[in-house]
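Examining the three-dimensional arrangement
Here is what each chain is made of, one letter per residue.
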Amino acid sequence: MLAIEGLRYSVDSNGSRRDIIPNLSYKFSKGKFYAITGPNGSGKTTLAKLIMGIYPASAGSITLAGVKITDMPIHERARAGIAYSFQHPARFKGITFRELIAIAANTNETTDILRLMKRVGICSFAHLNVPVDSKLSGGEIKKIELATTIARNPKIAIYDEPDTGIDLWTIEPMVKLLKNEQQTRGVTTVVVSHNRAFLEAADTVLIMREGSFFFAGTFSAALPYLNDISVCDYRTCGDRTYDECFR
Amino acid sequence: MIIELVGIGHTMSVLDNLDKELLKAVADLEAIPKGAFNIRKNGELWGRESSANIEIASKANKAGIVITIKPNTRNESVHIPVILSQAGLYDVVENDFIVGANSNVVIIAGCGIHCGSKESRGHAGLHSFHLEENARVRYIEKHLAIGEGQGKRALNPTTRVKLEEGASLDMELTQLGGVDEALRINEVILEKGAALQMTERVMTEERQSATSKTVISLVGAGAHANMISRSVIRGDSLQTFSALMEALAPCLGHIECDAIIMDRGKNETIPSLKVLHPEAELTHEASIGKIADEQLMKLMSLGLSYEEAVSKIIQSFLK
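**Some remarks on the overall build of chain A**
For chain A, the count of helices and strands is eight helices and twelve strands. For chain A, the C-alpha radius of gyration of 19 Å lies close to 18 Å, the compact-globule estimate for 247 residues. If one aligns the C-alpha atoms of chain A with their principal axes, the spans along those axes are about 60 × 40 × 35 Å. The 247 residues of chain A split such that 40% are buried. Expressed as a percentage of contacts within chain A between residues at least 6 apart in sequence, the contacts between residues at least 24 apart total 65%.

**Considerations on the nonpolar core**
Counting 145 residues, the largest nonpolar core has Ile82(A), Ile101(A), Ile158(A), Leu169(B) and Leu196(B) as its most contacted members. Per element, the largest residue contribution to this core is seven residues, and it comes from helix H3 (residues 97–105) of chain A. Residue contacts for Ile82(A): discarding those within four places in its chain leaves Ile51(A), Met52(A), Leu64(A), Arg77(A), Pro154(A), Ile156(A) and Ile158(A).

**Let's talk about the pairing of strand S16 (residues 195–204) of chain B**
Residues and elements named next belong to chain B. Pairing geometry for strand S14 (residues 168–177) and S16, over eight bridges, is parallel. Its bridge partner lying in S16, Ser168 is registered against Ala195. The sheet contact formed by S16 and strand S18 (residues 224–233) spans ten bridges and is parallel. Opposite Met198, over in S18, you have Met227 as the bridge partner.

**Focus: the packing of H3(A) against helix H5 (residues 138–151) of chain A**
Residue and element names in this part refer to chain A. Running from N to C, H3 and H5 point in directions that differ by 25°, and their axes come no closer than 8 Å. Considering the angle they form, H3 stands roughly parallel to H5. The way H3 lies across H5 gives a crossing that is right-handed. Of the residues in H5, those in contact with Phe97, Leu100, Ile101, Ala104 and Ala105 of H3 are Ile144, Ala147, Thr148 and Ala151. Here the residues of the contact of H3 with H5 sort into eight nonpolar, one polar and no charged.

**Let's talk about the interface of chain A and chain B**
On the chain B side, the residues contacting the 18 residues of chain A number 17 residues. Breaking the side of chain A that touches chain B down by element, the ones donating at least two residues are helix H2 (74–80) and H3 of chain A. At four residues, H2(A) tops the list of elements feeding residues into the side of chain A that touches chain B. For the side of chain A that touches chain B, a count of residues per class yields twelve nonpolar, three polar and three charged.

**Some thoughts on the pairing of strand S9 (residues 90–99) of chain B**
Residue and element names in this part refer to chain B. Pairing geometry for strand S6 (residues 65–69) and S9, over four bridges, is parallel. Directly across from Ile69, in S9, lies its bridge partner Val99. The pairing of S9 with strand S11 (residues 121–131) spans ten bridges and is classified as parallel. Directly across from Asn95, in S11, lies its bridge partner His127.

**Quick look at the sheet that holds strand S10 (residues 212–217) of chain A**
All names here are of chain A. Overall, mixed pairing links the six strands, which are arranged S6-S7-S8-S3-S9-S10 in an open sheet. Where the open sheet ends on each side, the last strands, each with one partner, are strand S6 (82–85) and S10. For this sheet the average axis-to-axis angle between neighbouring strands, irrespective of direction, equals 20°. Of the pairings in the sheet, the one linking strand S9 (residues 204–209) to S10 comprises five bridges and is antiparallel in character. Bridge pairing links Leu206 to Ala216 in S10. On top of the sheet, helix H6 (residues 168–185) reaches strand S3 (33–37), strand S7 (156–160) and strand S8 (188–192); it is set at about 155° to S8, its chief contact.

Cut-offs used in this document
- Residues numbered from 1 in each chain as written.
- Chains lettered and ligands numbered in written order.
- Predicted model: local features only at pLDDT ≥ 70, side-chain atom pairs only at ≥ 80, totals over all residues.
- Helix = DSSP H or I, 4+ residues; strand = E, 2+ residues; numbered from the N terminus.
- Rg over C-alpha atoms; globule rule 2.2 N^0.38 Å.
- Buried ≥ 20, exposed ≤ 12 C-beta atoms within 10 Å, placed from the backbone.
- Contact = placed C-beta atoms within 7 Å.
- Core = buried A, V, L, I, M, F, W, Y, C linked by C-beta atoms within 7 Å.
- Pairing = 2+ DSSP bridges.
- Axes fitted to C-alpha atoms, helices over the stretch in contact; angles between N-to-C directions.
- Parallel < 35°, antiparallel > 145°, perpendicular 65-115°, else oblique.
- Left-handed = near helix turned anticlockwise from the far one by under 90°.
- Nonpolar A, V, L, I, M, F, W, Y, C, P; charged D, E, K, R; others polar.

Given below as structure tokens:
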């Protein structure tokens, strides 16, 4: 479904190049549920943005369903079937939830939009004409973000920390929703998360460190690594040992 | 093709396609409107109709009209658009609006200019509103200039408002584009319990300039005012916005001004608050900058091209 080969992403750092993703290769299989986790700064969001085309690859290739998309701009990747849910969704002055959904789903039909809202579990239609602006709470805007991602009916959906700002009682229904999209519609699902509920739901857990996957396997097999604080990149913190570090 | 708009009233002549395009753009008119109206073309009256509750009369000694709305008039509207295409004409009018107590009406104004030559043309309108106790008015004013001519198009509106006790005014002031020079002056006085919602939207491009100066005085206890300014500055254009809100009584007020800069546009925004009563509460927020990358990324991730995303953001911002 999605093949990454020799992917590299580097940035300028004090006059020299620093690799965020040095050399990553991986194949995501069609219709599977992946959870990418790892310490802060390990490259999870960078990888997600490289797949969506938000960041340009420094080297390597990305192929979607046999088509090389490495040089495609964001909107062409979106049209090719990749959907992306931002960790910190954009807020707009003047654009309503209805308009965003209509763009995402490519329809203005009210019945289609209402059906979509029901599908993503947004029951209050009062939200439809609400501007997606700074007046929305963090939780509300994340639900809208999720809805616009699902409304794309993508081949592959990438969710960057979908639980940010979401209350504890909403996380489980959110996991069920993403699982349902995966299982009933065959959406290849990639969730970047620190939340155990998403990791447990995944067919494959990928643990990232220093821009590479150092583990790929089931949640139960990943557990020893998830419980091992030495996975943390920050080995030292002044004169403290890493297990005292607050990061 | 000549389009004839047939309606009741007097001095009706024909409107051509350009006139109709301007009327549609500034007043959403495609036919003679229901209710009271006054349409002015090239400095002269084109058509007028009063209604049982809304009287429109010419001023005796100067260009302009007096619109008198009877107390308790409900769910009626008045259209008073101006269209202008005559080369070299600078049309000036002074219109007075007297809105009776407990009325609830919509007033649609606006000016459309067509310029097809090198000669300049423009319009200046002084609108004076007096809303009596508990009157409610929604006032919509759109300005637009079109045409391939090189002559300058100027639109200089001045709006003065007095809101009596409990009166409320919702003003939507929009400059859609094509205007080379604009100086807008708004002055509003709010008495006890009066309410003002003012939304100003201005788009400039090329080498156009627009200046907006607003003074809102909250003089009565319980008055509240909210001013929103949305500006899009493209090309080499310049916009200057200043708004002073002053509070002389226990009251609430807020100014929100946002500007999107594109190309080499320049903007100066000066929100100013003057609190002259210890129980008054005035706030403001302002932001000026380019379109946020995160907004572009989001819309592009939904399948819009860069150009489509920019267009959607600008359209919605000025909506």
